[in-house]
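Here's the letter readout for the chains.
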Amino acid sequence: EAETSKIKNYVNKTLNFHNDTSPKVDRINIHECIIEAIETLDRKYFNTYKILKDFDPSIPKIIFNRSHIIKCFENLLFNACESKKNNFISITTRINHNIYVRSADLQQVLKLPIHIKISDEGDGIDENIEKFIFYPFVGTKSSADGLGLAYINTIISKNGGFIKLEKEKNVTAFNIYLPLKSEGR
């Protein structure tokens, strides 16, 4: 019965996960969305971490669903806080009009000038699951359901962006690359 209940919960979360991808978009300030996600983090973790913010003020407003992008940032920040090794998170934003990302899924090269990097010096991600980390039900925390990064990947991809995991020395970073505007909206 416990296994049946677990499967039922997974199915319900999966259905809700796909229903939460509505296309309602607005012109948003990416930095305001990051700050709002940090405020949610403050309420949950009561400032038990330190965040270094390095924001590029020249990034213009972009077309995106505000609540979806905030949820993406919250998920990444919660993961960083829950990595337990340290309480230091770095958030960097940049705009570079010469950034192109090759998408294997779409078999094309995308121009994605907005770069958001969220990094921490936590426990990192096991190299055995690294290539599957954006799949549903794959995760590093035993208490989690493995939907956070899958949600982020879906939302970023549906809005013409790309997310990439980067590991260097003791740092784990998630890089989000976004277009300046969503085509066809």
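Residues numbered from 1 in each chain as written. Predicted model: local features only at pLDDT ≥ 70, side-chain atom pairs only at ≥ 80, totals over all residues. Heavy atoms only, no water.

Enquirer: What is the right way to look at the sheet that holds strand S9 (residues 171-178) in this model?
Expert: Strand pairs in the sheet, formed through backbone hydrogen bonds, run parallel or antiparallel to each other. A sheet is described by the order of its strands in space; here five strands give the open sequence S2-S4-S7-S9-S8, paired in mixed fashion. A strand with exactly one partner marks an edge of an open sheet, and here the two such strands are strand S2 (50-54) and strand S8 (162-168). Pairs of neighbouring strands in the sheet enclose a mean axial angle of 15°, with direction left out of account. Sheet topology places S8 next to S9; seven bridges connect them, and they run antiparallel. Across the sheet, Glu166 pairs through a bridge with Ala173, a residue of S9. Across the sheet, helix H2 (residues 30-45) touches S2, strand S4 (88-95), strand S7 (114-120) and S9, and the angle it forms with S4 is around 170°. Sheet contacts for helix H3 (residues 66-82): S4, S7 and S9; angle to S7, the most-contacted strand, approximately 25°. (Pairing = 2+ DSSP bridges. Helix = DSSP H or I, 4+ residues; strand = E, 2+ residues; numbered from the N terminus. Axes fitted to C-alpha atoms, helices over the stretch in contact; angles between N-to-C directions. Contact = heavy atoms within 4.5 Å.)

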